[in-house]
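# Summary of the model geometry
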Amino acid sequence: MSTSSAWSLRGMKVWGYAWLRFGDVDVRCTVLVRRWTSDAVGVEVPVDDGEKPQCWIWQGACDRLEERTDAWV
């Protein structure tokens with residue numbers, strides 16, 4: 001993955017609605033986008049206990065949201 005085409009979102013809050021996989025379970029959740037490249041998105045997953053796990057996902061697995069709550073049902 002080329003970092004020259006990546007952009008960082010430090011200081012900004014950009015939310016996404018992403019597919020994540022935990023073992024054999026696929027989960028759709030709201031994520032905080034930290035970096036975006038043409039191939040992958042670096043995301044942070046805020047959880048209720050204050051933990052903030054981070055991972056990279058394929059760019060096609062994440063849709064950008066205008067507001068964090070846009071994906072909530």
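Residues numbered from 1 in each chain as written. Predicted model: local features only at pLDDT ≥ 70, side-chain atom pairs only at ≥ 80, totals over all residues. Heavy atoms only, no water.

## Section: the overall build of the protein
The criterion, for reference: Secondary structure elements are defined from DSSP: runs of H or I of at least 4 residues count as helices, runs of E of at least 2 residues count as strands, and each element is numbered from the N terminus. Note on definitions: a residue-residue contact is assigned when non-hydrogen atoms from the two residues lie within 4.5 Å. Calculation of accessible area relied on Shrake-Rupley with a 1.4 Å probe; when residues are assessed, cover is drawn exclusively from the protein chains displayed.
Tallying secondary structure elements over the protein gives zero helices and six strands in all. Along the protein, from the amino end to the carboxyl end, the secondary structure elements read β-β-β-β-β-β. Residue pairs in contact within the protein that sit at least 24 positions apart in sequence constitute 40% of those at least 6 positions apart. Within the structure as shown, the protein displays about 5,200 Å² of accessible surface, and the carbon and sulfur contribution to it stands at 50%.

## Comments concerning the pattern of salt bridges
So the rule is basically this: The salt bridge criterion pairs a side-chain nitrogen of Lys or Arg with a carboxyl oxygen of Asp or Glu, the two atoms within 4 Å. Exposure categories follow from relative accessible area, calculated using a 1.4 Å probe and restricted to protein chains: below 20% of the type maximum is buried, above 50% is exposed, and the middle band is partly exposed.
Here the structure, examined in full by the defined rule, presents three salt bridges. Salt-bridge contacts for D63 lead to R28; the nearest nitrogen and oxygen are separated by 2.8 Å. Pair noted here: D63 is in strand 6 (residues 62-65) and R28 is in strand 3 (residues 25-36), with a separation of 35 residues, a long-range link. Accessibility expressed as a relative area gives 27% for R28, which makes it partly exposed. With a closest N to O distance of 3.3 Å, R34 and E44 form a salt bridge. Here R34, found in strand 3, pairs with E44, found in strand 4 (residues 40-44); they are 10 residues apart in sequence, far enough to count as distant. Residue E44 is classed as buried on the basis of its relative accessible area of 5%.

Without other data, these values stay purely geometric and don't point to any function.
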